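Coordinates in review
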Amino acid sequence: MAERPLTLMAVHAHPDDEATSTGGVLARYAAEGITTVLVTCTDGRCGDGPGGVKPGDPGHDPAAVVAMRQAELEASCAVLKVSHLETLGYADSGMMGWPTNDQPGAFWTTPVAEAAGRLAELIRQYRPDVVVTYDENGFYGHPDHIQAHRITMAAVEQTDIPAKVYWTTVPRTAFEQFGQIMKELGVDWAEPDATAEPQPLLGLPDDEITTWVDTNSYGGQKFDALATHASQTENIFFLQLGRERFTELMGVETFVRVQDRTGAPTPEDDLFAGLR
């Protein structure tokens, strides 16, 4: 029998998240013959509707948004050459503090054990060598991202199958550059309110990032994958940069390795270091 191909599983919260932080690695590893599996946990119903109508505003039809975003997700997967798309179908919980957090079926209120059990079955089915998801704060505090982190780590513990587990991150040195670019694009990049509750810092110091993956050659695919999520383009402002500058800015994807059975030294430039 032929040797089983290596497998990458990325666990994301919403349609479009797959392209934002892992579009480059999904495209790169697919091109290298690695099986890629995307698990999307929610249906995206709290995203913008046609014409940019916001959740809770007149004319926002959650069912229509779900159908539209599913089609966009499938188109993104085609661009990135994702081998297998799995959708858990939980209701999008919206931003932290929204009434949708507590609605029946919301991912945020789903028992971790229940959702982790479903994800564990997918891990047993696909047997990924590498699993990627968010850190414990969901990178920026979104409840569905936090829940995706929780169920992924629980499912990994249940199955003990992946050799390596990573959390997505961004170097802190990149945020100054992001801020300048957003100002150029006319996007408000407000300084933190000194009187507000302190928030966890986003990203990590450069010396705490274990894994820097060069995805420059796949920047066009990542750009095109983001562009398939046309209903959400108001929030995907990096598309305004154009393909060339987007690739220059987003051409390296960074991660922190949190579990490893390979002994591969860090820093590393390959999620599959030690496995091939």
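Residues numbered from 1 in each chain as written. Predicted model: local features only at pLDDT ≥ 70, side-chain atom pairs only at ≥ 80, totals over all residues. Heavy atoms only, no water.

- With an unreviewed UniProt entry as reference, the chain is termed GlcNAc-PI de-N-acetylase, source organism Micromonospora arborensis.

Description of the side chain of D270
- Here D270 lies in the segment after strand 7 (252-260).
- Judged by its relative accessible area of 11%, D270 falls in the buried class.
- At a separation of 2.7 Å, a polar atom in the side chain of D270 contacts the side chain of Y29.
- When sequence neighbours within four positions are dropped, the list of residues in contact with D270 reads Y29, K164, Y166, T211, V213 and R276. (Helix = DSSP H or I, 4+ residues; strand = E, 2+ residues; numbered from the N terminus. Buried < 20%, exposed > 50% of the residue type's maximum accessible area, 1.4 Å probe, protein only. Polar contact = N/O pair within 3.5 Å; in protein donor to acceptor, adjacent residues only side chain to side chain. Contact = heavy atoms within 4.5 Å.)

Considerations on the layout of surface pockets
- Considering only enclosed or pocket space, the second largest pocket measures out at about 180 Å³ in volume.
- Together, R45, C46, P55, G56, D57, H60, P62, W98, T100 and Q103 line the second largest pocket.
- Its residues assigned to classes, the lining of the second largest pocket shows 4 nonpolar, 4 polar and 2 charged. (1 Å grid on protein atoms, 1.4 Å probe; cavity = no way out; pocket = protein on both sides within 12 Å on 5 of 7 lines; lining within 4 Å. Points joined across faces, edges and corners; volume = space filled by probe spheres on them. Nonpolar A, V, L, I, M, F, W, Y, C, P; charged D, E, K, R; others polar.)

Quick notes on the sheet that holds strand 5 (residues 164-169)
- In spatial order, the strands read 3-2-1-4-5-7-6; together these 7 strands make up an open sheet with mixed pairing. The two strands at the open ends of the sheet, each matched to only one other strand, are strand 3 (84-90) and strand 6 (211-214). Each strand of the sheet is rotated relative to its neighbour by a mean of 25°, with strand direction disregarded.
- Two elements, strand 1 (residues 7-12) and strand 2 (residues 35-42), share 6 bridges in a ladder whose sense is parallel. Its bridge partner lying in strand 2, L8 is registered against T36.
- Together, strand 1, strand 2, strand 4 (130-133), strand 5, strand 6 and strand 7 form the strand contacts of helix 1 (residues 17-31), whose direction differs from that of strand 1 by roughly 175°. (Pairing = 2+ DSSP bridges. Axes fitted to C-alpha atoms, helices over the stretch in contact; angles between N-to-C directions.)

Brief notes about the pairing of strand 5
- Counting buried positions along strand 5 yields 6 of 6 residues, so the element is predominantly enclosed.
- In strand 5, alternate side chains face the same way, and those of K164, Y166 and T168 on one face and V165, W167 and T169 on the other are all buried.
- Here strand 4 pairs with strand 5 via 4 bridges, running parallel. Looking across to strand 5, one finds that V130 is bridged to K164.

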